[in-house]
Amino acid sequence: MFFLAVSPAVGGMASTERYKKGRGVLLFDFAQSSEPVELQYAFTLLAEMKNNLDYYSDKLSAERLKLCYEIAPPRVKQYLKAEVEYVLKNVGSSDMVLELGCGYGRVLRKIVQKTKLAIGVDTSTDSLLLGKKMLRDSKNCVLLKMNAVQLGFLDQTFDRVICIQNGISAFHVNQKDLIRESIRVTKPGGKVLFSSYSAKFWEDRLEWFRLQSEAGLVGEIDYEKTGNGVIVCKDGFTATTVRPGQFRELTSKFDVYAKIVEVDESSLFCVITRY
Ligand SMILES: C[S@@+](CC[C@H](N)C(=O)[O-])C[C@H]1O[C@@H](n2cnc3c(N)ncnc32)[C@H](O)[C@@H]1O
């Protein structure tokens with residue numbers, strides 16, 4: 001029998017002891033059998049979080065986030081496809097997978113077709129509600145409102161933790177804390193996959209953001225402040241990048257093996273294996 005603990009108390013670092021003793025803990029119980037996991041579609045709105053009013057919750061959620069991907073030019077669509085394919089290559093049929101910043105489930109709906117159980121967490125209620133609709137036929141998928149740096153899961157729960165499409169920059173959190181938390185919930189021998197952008201993809205990425213700006217999805221691009229992997233908009237939106245050296249530095253203090261892989265000359269993956 002396997003228990004996955006999810007706590008509504010998202011205010012601090014999770015610890016096994018706290019969840020064993022804590023009150024108000026919601027347990028999903030997955031009987032281990034040869035049958036496919038029959039999991040009720042679960043959607044839990046956890047306590048409101050401080051960062052609820054961030055850009056992605058406020059201005060770039062649900063249908064607006066979906067539109068960003070729909071208006072992507074062909075080269076960007078190729079990048080998005082290659083990124084998901086790389087993730088799928090790294091996921092097995094018996095894996096428990098967690099996606100951080102899953103949005104409306106664009107990537108998760110591919111992962112659920114390949115694996116035993118996929119859980120997506122995001123801080124945007126609107127994106128999660130759209131995801132709930134889009135994934136309504138998936139019985140092995142759970143969406144939860146949760147901050148990626150304060151995950152309400154037990155230590156060593158997942159075989160794979162995924163955070164792609166430059167989530168490590170988009171979350172605007174302390175990147176070392178994000179990496180530490182993702183490693184904490186990964187099983188020994190399991191992998192965490194982060195992705196940012198390859199420097200070779202800069203012009204295509206900028207063109208995509210220009211289209212998003214033209215469509216009113218993000219503010220006007222501030223070309224004076226934009227460059228060197230960073231896109232700045234006049235309405236306060238910023239999108240940075242994590243370079244290979246930064247990934248190396250960010251992972252160097254943990255007991256892990258980190259491999260940096262460029263995919264499709266567009267995304268830069270940091271694949272972390274937990275010892
Ligand atoms: C660039 S979007 C990517 C969405 C999705 N991964 C995809 O590729 O379609 C970033 C997502 O991260 C979510 N997000 C922002 N900060 C977060 C945090 N601290 N924890 C979890 N999700 C967060 C946003 O709401 C948004 O849905």
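Residues numbered from 1 in each chain as written. Predicted model: local features only at pLDDT ≥ 70, side-chain atom pairs only at ≥ 80, totals over all residues.

**Details of unusual backbone geometry**
Look at Gln 156: it is not a glycine, yet its phi comes out positive at around 55°. With a phi close to 55°, Asn 228 is a non-glycine residue in the positive phi region. Position of Asn 228 relative to the elements: it lies in the loop between helix 9 (202-214) and strand 9 (231-232). (Helix = DSSP H or I, 4+ residues; strand = E, 2+ residues; numbered from the N terminus.)

**Some points on helix 6 (residues 125-134)**
Among all positions in helix 6, only Ser 127, Leu 128 and Gly 131 are buried. Viewed along the axis of helix 6, the buried residues span an arc of 95°, placing them on a single side of the element. In this fold, the buried residues of helix 6 make contact with helix 3 (62-70), strand 5 (117-122) and strand 6 (141-145). (Buried ≥ 20, exposed ≤ 12 C-beta atoms within 10 Å, placed from the backbone. Arc of directions from axis to C-beta. Contact = placed C-beta atoms within 7 Å.)

**Digging into the environment of Tyr 69**
Inspection of the secondary structure puts Tyr 69 in helix 3. The sequence separation of Tyr 69 and Gln 212 amounts to 143 residues, and the corresponding C-alpha distance is 9.2 Å. Ignoring any residue separated from it by four or fewer positions in sequence, one finds Tyr 69 in contact with Leu 80 and Arg 106.

**Some thoughts on the site of the ligand**
Tyr 56, Gly 101, Gly 103, Ala 148 and Gln 165 are the nearest of the 22 residues found near the ligand. Elements supplying a minimum of two residues to the shell around the ligand: helix 2 (55-58), strand 5 and helix 7 (167-170). Taken together, the residues of the shell around the ligand sort by class into 11 nonpolar, 9 polar and 2 charged. (Near = placed C-beta within 6 Å. Nonpolar A, V, L, I, M, F, W, Y, C, P; charged D, E, K, R; others polar.)

**Side note on the pairing of strand 7 (residues 158-163)**
Most of strand 7 sits inside the fold, with 6 of its 6 residues counted as buried. Here strand 7 pairs with strand 8 (residues 186-197) via 5 bridges, running parallel. For Arg 160, the partnering residue across the bridge sits in strand 8 and is Lys 191. (Pairing = 2+ DSSP bridges.)

The values are spatial; any link to function lies outside them.
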